[in-house]
Amino acid sequence: MLDREELRRQEQSLDDLYRDIILEYYRSPRNRGRLPSPTVSRDGQNPLCGDEVYLDLLVEDGVIKEARFQGQGCSISQASASMLTEAVRGLSLDEAEALYDRFHRLMTGDETVDPAELGDLEALSGVRKFPVRVKCATLAWHVLDEAIKSLRKA
Ligand code: ZN
């Protein structure tokens with residue numbers, strides 16, 4: 001586990017704009033909670049930081065109609081999960097996977113991805129300077145990827 005002081009120091013050193021967006025999602029998360037009858041539910045953990053994310057998706061005709069999350073952990077992991085639920089609503093499964101792919105490439109340093117195309121998700125790109133925290137930012141996205149893959153197998 002990373003020590004709490006170190007986590008706070010890293011969060012403090014993010015650029016102001018990025019930090020404000022992340023903290024705003026962390027303090028007032030969108031789509032937090034569970035869906036009454038989700039099409040698919042998945043969860044994931046990031047043991048390095050103690051983050052947990054549960055994700056519920058309601059999928060109709062191949063389109064994500066609703067997405068909600070629950071979880072606990074650092075501000076980056078929870079803000080990223082909340083941003084994810086906003087970003088994927090209304091997307092087809094293919095579009096959601098393409099977004100996962102673009103976000104994942106952004107976070108792993110692929111310079112060909114234009115962060116500005118990703119809206120609020122751009123704020124998470126500031127985390128790249130802390131490689132260990134990239135796992136915090138991508139946790140919910142790995143859960144999304146697993147959820148979509150499980151639907152495709154069904
Ligand atoms: Zn974390």
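Residues numbered from 1 in each chain as written. Predicted model: local features only at pLDDT ≥ 70, side-chain atom pairs only at ≥ 80, totals over all residues. Heavy atoms only, no water.

Colleague: It is not clear to me how the sheet that holds strand β1 (residues 40–46) should be interpreted in this structure. Could you clarify?
Modeller: Strand pairing within a sheet occurs via backbone hydrogen bonds; the two strands may be parallel or antiparallel. Pairing is antiparallel in the open sheet, where 3 strands are placed in the order β1-β2-β3. Only two strands of the sheet have a single neighbouring strand rather than two, namely β1 and β3 (63–72). Each strand of the sheet is rotated relative to its neighbour by a mean of 20°, with strand direction disregarded. Pairing of strand β2 (residues 51–60) with β3, which is carried by 9 bridges, proceeds in the antiparallel orientation. Bridge pairing links Glu-60 to Val-63 in β3. (Pairing = 2+ DSSP bridges. Helix = DSSP H or I, 4+ residues; strand = E, 2+ residues; numbered from the N terminus. Axes fitted to C-alpha atoms, helices over the stretch in contact; angles between N-to-C directions.)

Colleague: Help me understand the pattern of salt bridges, please; the structure alone is not making it clear to me.
Modeller: Side chains that differ in sign of charge can pair as their charged atoms come close. Enumeration over the complete set of coordinates arrives at 14 salt bridges. For Arg-30, the salt bridge identified is with Glu-24, shortest N-O distance 3.3 Å. Across the pair Arg-34 and Asp-56 runs a salt bridge whose closest N-O atoms are separated by 3.0 Å. Highlighted residues: Arg-34 in the loop between α2 (16–27) and β1 and Asp-56 in strand β2, separated in sequence by 22 residues. Among the charged side chains, a network of salt bridges with common partners joins Glu-66, Glu-86 and Arg-89. (Salt bridge = Lys/Arg side-chain N within 4 Å of Asp/Glu carboxyl O.)

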